[in-house]
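Notes for the structure review
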Amino acid sequence: MIEFYAKAKLPSRFGNFDIYVFKNDENKDHAVIVNGDIYGRENVPVRIHSECLTGDIMGSLRCDCRDQLLTSLKMIGQSEYGMLIYLRQEGRGIGLLNKIKAYSLEDQGLDTVEANLEQGLPADARNYNFAVEVIKYFKIKSVELITNNPEKIKFLEENGIKISKRIPIIIEPNAFDKFYLETKKDKMGHLL
Ligand SMILES: Nc1nc2c(ncn2[C@@H]2O[C@H](COP(=O)(O)OP(=O)(O)OP(=O)(O)O)[C@@H](O)[C@H]2O)c(=O)[nH]1
Ligand SMILES: [Zn+2]
């Protein structure tokens, strides 16, 4: 269960957003960025973004996270209404320390899935319960989900969220994330 905690204006380079924080079962400060009036609406563009300190903040080229984050904020800012749910599930839920250990194994040739498994961790430890709760909190009737990840679509649909459309978010690979993106496509079923 989530509970409203605080809301404030968040003017940004992408638009005049509102930011919400909710109390939740995981006790994590997930952030919800909202543009316009989403309450009770249909076909709301929604991005569910998992935290990536190295990419989102530091501009790492090992992944496409930052470009996906900026592209989706821009998309949402340009739409009449929309929402980005920023989940504090660093490293697909294994945390920063384990993600950097995984990077170290990837530097030795393992792919992103193998590097998690090698540590005895799941390839993807995330869940999207918080996102489901937020979508229900705003009584959103249907969602246009900005993603390439079929797991997110599956999780939301299994938990009663109607997805009217998937909006792909394809970022051109660079020399450093090419293999990472290939692995997402080949091993994780991403629609790339
Ligand atoms: N464990 C691990 N996590 C990573 C690695 N590279 C990026 N991440 C994390 O992966 C998450 C991003 O997930 P992705 O699978 O790239 O994308 P997604 O958000 O599931 O799918 P999209 O909605 O299509 O973007 C973030 O939490 C990153 O911190 C890695 O090599 N190993
Ligand atoms: Zn990343």
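Residues numbered from 1 in each chain as written. Chains lettered and ligands numbered in written order. Predicted model: local features only at pLDDT ≥ 70, side-chain atom pairs only at ≥ 80, totals over all residues. Heavy atoms only, no water.

The protein chain is annotated in an unreviewed UniProt entry as GTP cyclohydrolase-2 of Acidiplasma aeolicum. Its UniProt record gives the protein chain a comment under Function (unreviewed entry), which states: "Catalyzes the conversion of GTP to 2,5-diamino-6-ribosylamino-4(3H)-pyrimidinone 5'-phosphate (DARP), formate and pyrophosphate." The protein chain has a UniProt comment under Sequence similarities (unreviewed entry) that states "Belongs to the GTP cyclohydrolase II family." (UniProt positions renumbered as here; feature names shortened; annotations may be inferred.)

1. Considerations on the pattern of salt bridges
On inspection of all chains with the given rule, the structure shows eleven salt bridges. We note a salt bridge from Asp111 to Lys187, for which the minimum N-O separation is 2.7 Å. A residue pair is termed long-range when its members are at least 10 positions apart, and Asp111 in the loop between helix H3 (95-107) and helix H4 (112-117) and Lys187 in helix H7 (residues 178-188) qualify at 76 residues. Given the relative accessible area of 7%, Asp111 is considered buried. The structure contains a network of salt bridges with shared partners spanning Arg62, Glu106 and Asp107. (Salt bridge = Lys/Arg side-chain N within 4 Å of Asp/Glu carboxyl O. Helix = DSSP H or I, 4+ residues; strand = E, 2+ residues; numbered from the N terminus. Buried < 20%, exposed > 50% of the residue type's maximum accessible area, 1.4 Å probe, protein only.)

2. Observations regarding the UniProt feature "domain: GTP cyclohydrolase II" (unreviewed entry) in the protein chain
UniProt records the feature "domain: GTP cyclohydrolase II" (unreviewed entry) at residues 6-168, using the numbering of this structure. Across residues 6-168, helical content stands at 34% and strand content at 26%; the span's end C-alpha atoms are separated by 31 Å.

3. A few points about the packing of aromatic side chains
Summed over the entire model, instances satisfying the criterion amount to nine aromatic pairs. Arranged with centres 6.3 Å apart and planes meeting at 70°, the rings of Phe22 and Phe130 form a pair that is edge-to-face. Of this pair, Phe22 sits in strand E2 (residues 15-23) while Phe130 sits in helix H5 (residues 129-137); the two residues are 108 residues apart in sequence, bridging distant segments of the chain. For Phe22, a relative accessible area of 2% translates into the label buried. In this structure Phe130 comes out as buried when scored by relative accessible area, which is 4%. With a centroid separation of 4.8 Å and an interplanar angle of 75°, the aromatic rings of Phe22 and Tyr137 are classed as edge-to-face. Of this pair, Phe22 sits in strand E2 while Tyr137 is found in helix H5, placing the two residues 115 residues apart along the sequence. For Tyr137, a relative accessible area of 32% gives the class partly exposed. Feature note: the residues Phe4, Tyr20, Phe22, Phe130, Tyr137 and Phe138 constitute an aromatic cluster, connected by ring pairs. Between Arg62 and the ring centre of Tyr103, over which it is positioned, the NZ or CZ distance is 3.9 Å. (Phe/Tyr/Trp six-rings, centres within 6.5 Å; stacked < 30°, edge-to-face > 60°. Lys NZ or Arg CZ within 6 Å of the ring centre and 35° of its normal.)

4. Observations regarding the sheet that holds strand E7 (residues 163-167)
By definition, the strands of a sheet pair up through backbone hydrogen bonds, in either a parallel or an antiparallel sense. Judged by pairing direction, the sheet is mixed, and its seven strands sit side by side in the order E1-E2-E3-E5-E4-E6-E7 without closing on themselves. In this open sheet, the two strands that pair with only one neighbour each are strand E1 (3-12) and E7. Along the sheet, successive strands turn relative to each other by an average axial angle of 25°, direction set aside. Bridging between strand E3 (residues 31-35) and strand E5 (residues 82-87) involves five bridges; their strand directions are antiparallel. Within E5, the residue paired with Val34 across the bridge is Met83. The strands touched by H5 within the sheet are E1, E2, E3, strand E4 (44-50), E5 and strand E6 (143-146), with E5 carrying the most contacts at an inclination of about 150°. (Pairing = 2+ DSSP bridges. Axes fitted to C-alpha atoms, helices over the stretch in contact; angles between N-to-C directions. Contact = heavy atoms within 4.5 Å.)

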